[in-house]
Amino acid sequence: MSLLASPRDAAPLRAGSPRGIRHGEAVAGWLFTLPVLVILGVFLLVPVLMALWVSFSDWSGRGSPLSSGVGFVGLDNYAAVTTGGGLAERDFGVALRNNAWYVLLVVPLQTALALFLAVLVNRAALRGRGVFRTAFYFPSVTSSVAITVLWLFLFSTSGVVNTVLARVGIAGPNWFNEPSGVLHNLLAAFGVRSGPDALTQHGFLGLTWWDWLAGPSVAMSAFVLMAIFTTSGTFMLLFVAGLQNIAPEVEEAAMVDGANGWQRFWRITLPQLRPTLFTVLTLGLIGCWQVFDQIYTGTQGGPGKTTLTPAYLSYQSAFLSQEWGQGAAIAFILFVIIVLLTILQRWVLRERPDVPRRARRRAASPGAAR
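Residues numbered from 1 in each chain as written. Predicted model: local features only at pLDDT ≥ 70, side-chain atom pairs only at ≥ 80, totals over all residues. Heavy atoms only, no water.

Visitor: Explain the overall build of the protein to me, and be specific about the residues and the numbers.
Guide: For the protein, the count of helices and strands is 18 helices and two strands. Sorting the 370 residues of the protein into buried and exposed places 34% on the buried side. Long-range contacts, defined as pairs at least 24 residues apart, comprise 68% of the intrachain contacts of the protein with a sequence gap of at least 6. Approximately 22800 Å² of the protein is accessible, and the part contributed by carbon and sulfur atoms is 67%. (Helix = DSSP H or I, 4+ residues; strand = E, 2+ residues; numbered from the N terminus. Buried < 20%, exposed > 50% of the residue type's maximum accessible area, 1.4 Å probe, protein only. Contact = heavy atoms within 4.5 Å. Areas by Shrake-Rupley, 256 points an atom, 1.4 Å probe, with all protein chains shown as cover.)

Visitor: Would you mind going over the packing of aromatic side chains in detail, with residue names and values included?
Guide: Evaluated as defined, the whole model comprises 23 aromatic pairs. Ring centres of F292 and Y315 lie 5.5 Å apart, and the angle between their planes is 75°; this geometry places the pair in the edge-to-face category. With F292 in the loop between α14 (274-289) and α15 (293-298) and Y315 in helix α16 (residues 310-320), this residue pair connects regions lying 23 residues apart in the sequence. The class of F292 is partly exposed, set by a relative accessible area of 27%. Exposure remark for Y315: the relative accessible area of 22% places this residue in the partly exposed category. Ring centres of Y312 and Y315 lie 5.7 Å apart, and the angle between their planes is 50°; on these two criteria the pair is classed as tilted. Of this pair, Y312 and Y315 both sit in helix α16, three residues apart, which is roughly one turn of that helix. Among the aromatic residues, ring-to-ring pairing joins W59, F292, Y296, Y312, Y315, F319 and W324 into one connected group. Above the face of the F278 ring, R346 is positioned so that its terminal group lies 5.0 Å from the ring centre. (Phe/Tyr/Trp six-rings, centres within 6.5 Å; stacked < 30°, edge-to-face > 60°. Lys NZ or Arg CZ within 6 Å of the ring centre and 35° of its normal.)

Visitor: Account for the pattern of salt bridges, with residues named and values stated.
Guide: In this structure the tally under the stated criterion is one salt bridge. Between D91 and K305 there is a salt bridge, with its nearest N and O atoms 2.8 Å apart. On the criterion of sequence distance, the pair formed by D91 in helix α4 (residues 87-121) and K305 in the loop between α15 and α16 is long-range, its members being 214 residues apart. Residue classification places D91 among the buried positions, given a relative accessible area of 12%. (Salt bridge = Lys/Arg side-chain N within 4 Å of Asp/Glu carboxyl O.)

Visitor: I'd love a proper account of the nonpolar core, names of residues and values included.
Guide: Core analysis: the biggest nonpolar cluster contains 60 residues, and F92, Y102, W151 and F239 have the highest contact counts within it. Of all the elements in the fold, those that place two or more residues in this core are α3 (76-82), α4, α6 (144-154), α11 (218-244), α14, α16 and α17 (324-348). Ranked by size, the runner-up nonpolar core spans six residues in total, among them W59, V70, W324 and A328. (Core = buried A, V, L, I, M, F, W, Y, C linked by side-chain atoms within 4.5 Å.)

Visitor: Describe the packing of helix α5 (residues 129-141) against α11, naming the residues involved and giving the relevant values.
Guide: Relative orientation of the contacting elements α5 and α11 amounts to 130°, with a least axis distance of 5 Å. As summarised for this structure, α5 and α11 are arranged oblique, according to the angle between their axes. Between α5 and α11 the crossing geometry is left-handed. Between α5 and α11, the residues in contact are R133, F136, Y137, P139 and S140 and F229, T230, T231, G233, T234, M236, L237, V240 and Q244, respectively. A breakdown of the residues in the contact of α5 with α11 according to their chemical character gives seven nonpolar, six polar and one charged. (Axes fitted to C-alpha atoms, helices over the stretch in contact; angles between N-to-C directions. Parallel < 35°, antiparallel > 145°, perpendicular 65-115°, else oblique. Left-handed = near helix turned anticlockwise from the far one by under 90°. Nonpolar A, V, L, I, M, F, W, Y, C, P; charged D, E, K, R; others polar.)

Visitor: Describe a nonpolar patch on the surface, and please don't skip the residues or the numbers.
Guide: A contiguous nonpolar surface patch, about 750 Å² in accessible area, is contributed by W30, L34, L37, V38, I39, V42 and F43. Among the secondary structure elements, F43 is positioned in helix α2 (residues 18-55). Accessibility expressed as a relative area gives 66% for F43, which makes it exposed. (Patch = residues over 30% accessible without salt bridge, like charges linked within 9 Å, V, L, I, M, F, W, Y side chains within 5 Å.)

Visitor: Before we move on, could you go through the environment of G86 and cite the residues and values that matter?
Guide: Mapping G86 onto the fold places it in the loop between α3 and α4. The class for G86 is partly exposed, based on a relative accessible area of 39%. Distance from G86 to G206, taken between C-alpha atoms, is 7.9 Å for residues 120 residues apart in sequence.

Visitor: Tell me about the side chain of T306, residues and numbers included.
Guide: As for its position among the elements, T306 is in the loop between α15 and α16. A polar side-chain atom of T306 sits 3.3 Å from a polar atom in the side chain of S217. Other than its neighbours up to four places away in sequence, T306 contacts N98, P179, S217, M220 and G301. (Polar contact = N/O pair within 3.5 Å; in protein donor to acceptor, adjacent residues only side chain to side chain.)

Visitor: Outline the environment of T342, listing residues and values.
Guide: Examined against the element boundaries, T342 turns out to sit in helix α17. With 59 residues separating them along the chain, T342 and L283 place their C-alpha atoms 9.5 Å apart. Non-local contacts of T342, meaning those with residues more than four positions away in its chain, are made with F278, T282 and L285.

Visitor: Summarise α11; cite the residues concerned and give the values.
Guide: The terminal C-alpha atoms of α11, which comprises 27 residues, lie 39 Å apart, in line with the 39 Å expected from a rise of 1.5 Å per residue. Approximately 35° is the largest bend angle found in α11, and it occurs at S232. Counting buried residues in α11 gives 19 out of 27 residues, a clear majority hidden from the surface. (Expected span 1.5 Å × (residues − 1). Bend = angle between axes of the 7 residues up to and from the residue.)

Visitor: Explain unusual backbone geometry to me, and be specific about the residues and the numbers.
Guide: Only a minority of non-glycine residues have a phi that is not negative, and only a minority of peptide bonds are not trans. The residue after G302, namely P303, is reached through a cis peptide bond having omega -5°. Examined against the element boundaries, P303 turns out to sit in the loop between α15 and α16. Non-glycine residue Q300 carries a positive phi angle of around 55°. Looking at where Q300 falls in the secondary structure, it is placed in the loop between α15 and α16. With a relative accessible area of 46%, Q300 lands in the partly exposed category.

Right, dumping it as structure tokens:
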């Protein structure tokens, strides 16, 4: 074989090079994913961009939002629900207040309950673990409309919940018709019926700070219990998958070192569940801020708008009040809130270098420089 090969002879070698193979795989990959990308673009990206345009326009809901008769109004729709000073701003403030309390209660409680159930059904000594997993997960696969109707029956004035409370001497409230805040009711039991001037004379989004601190209404509290009941089973399965990925040798080594059950859970199990915990908290956060079908089926924002949420307010503004620009603006404000809270949650749960406290103290001491 001649050592001097012509460029014509070297061409086939280049065609079969790793670079050529990777290029062919990339082309094949794009061809296989192209149908999905087209579907997502047509049915997801394009509607989102059109809704974004509607939030900056005066579209009346008739005809195409891209027609020449639709005008650009800038941030007027966003200003109407955030700084307008009218009913739209107050309704948005009420919806944010209601949903914020909903998130603050549901996300931690459902996460804690899901983790507890996962640890419980993951125990090797538990018999019939599959039955328990199915029973705990069953509410998650049931229609949310059916669960809401069941909840309306259970928490009615003469429902099962009030009947059980009456057996122990407690007069149950008229759950879904009680607009008072839980924290305000608790303070009223101690004689505090109005807040200080610093809370009652200042506020945000049309509500005083005293109104913001009212807590969830009694009606919203029933929805909180329903959310915990229906979603904990789903997150339980995620935690079970995370627990089964933890090597048993690690826990056995901790037992040999004399660590008790709580120390093993806090120092070994929970840190290794950090990715699963982030997934559960993120999904719970998104789901809680997007709550709609329970409100639509149950109370439609009542009583006194104390179960109104931004998702339902967006629907109400657009489809019922024909304020399409304001409805789209509320939807995108909600999107920004979810993204920012997810980023904050990611930062809080980020991996941190394990630096011993003694080493940090030594580095920060005055004699460390010497």
